[in-house]
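These are the residues of each chain, in order.
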Amino acid sequence: MFVGMDHVGVAVKSLDDAIRVYRDALGFELKGIHVLTERKVRVAFISAGGKTQIELLEPLDSNSAIAKFLETRGEGIHHFAVEVDNIDAVLAEMKKKGVALIDEQPQMGAEGKRIAFVHPKSTKGVLMELVEKPKR
Ligand code: CO
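Below is a short write-up of the structure. (Residues numbered from 1 in each chain as written. Predicted model: local features only at pLDDT ≥ 70, side-chain atom pairs only at ≥ 80, totals over all residues. Heavy atoms only, no water.)

**Quick look at the coordination of the cobalt ion**
Each pair of donors in an ideal octahedron of six around a metal sits at 90 or 180 degrees, and each pair in an ideal tetrahedron of four sits at 109.5 degrees.
Part 1 of the argument: Bound to the cobalt ion on the protein side are His7 (NE2), Glu55 (OE), His79 (NE2) and Glu129 (OE), at distances that span 2.0 to 2.1 Å.
Part 2 of the argument: Taken together, the 4 donor atoms coordinating the cobalt ion span angles of 85 to 175° at the metal, a pattern that classifies the geometry as irregular.
Part 3 of the argument: Each donor residue of the cobalt ion belongs to the same chain, with the gaps between them written as H-x47-E-x23-H-x49-E. Taken as a pair, His7 in strand E1 (residues 2-11) and His79 in strand E5 (residues 76-84) lie far apart in primary sequence, 72 residues in all. (Donors = N, O, S within 2.8 Å, 3.2 Å for Na, K, Ca; no water. Tetrahedral: all angles 85-135°; square planar, octahedral: opposite > 155°, others 65-115°. Helix = DSSP H or I, 4+ residues; strand = E, 2+ residues; numbered from the N terminus.)

Given below as structure tokens:
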């Protein structure tokens with residue numbers, strides 16, 4: 001059911017500044033930058049080695065969920081993401097157990113991934129993302 005940790009999402013005010021920190025100062029490799037207009041974010045994926053990544057998230061406007069997070073909490077860890085092999089099955093199972101889901105149906109993420117968020121009230125206070133990668 002669960003494949004492994006996929007990424008940790010970090011909310012940042014400026015993606016360009018965050019890339020300078022993670023790539024240039026910390027030495028990580030930048031894998032790609034994506035604009036997700038529906039979610040009003042611009043994201044950069046940074047390789048943390050192996051299959052694990054760091055996702056830097058910059059709000060595209062002040063209505064973005066990331067903008068609201070930055071307003072109340074400031075920059076920092078926003079969510080963690082676990083890869084699953086069948087996101088529909090995992091969501092159905094969690095729903096059956098009464099888990100609070102932000103997304104009852106998966107939405108499209110970057111790079112053809114299907115993603116869904118689980119509400120922090122069901123996870124001891126941390127936003128959790130489920131990720132199913134496209135099958136080859
Ligand atoms: Co994410």
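**Quick word on the side chain of Ser47**
Part 1 of the argument: Among the structural elements, Ser47 can be located in strand E3 (residues 41-47).
Part 2 of the argument: We classify Ser47 as buried; its relative accessible area is 16%.
Part 3 of the argument: Within the structure, Ser47 has its side chain in polar contact with the backbone nitrogen of Gly49 (distance 3.1 Å).
Part 4 of the argument: Look past the residues within four positions of Ser47 in its chain and what remains in contact with it is Phe28, Glu29, Lys31, Thr52 and Gln53. (Buried < 20%, exposed > 50% of the residue type's maximum accessible area, 1.4 Å probe, protein only. Polar contact = N/O pair within 3.5 Å; in protein donor to acceptor, adjacent residues only side chain to side chain. Contact = heavy atoms within 4.5 Å.)

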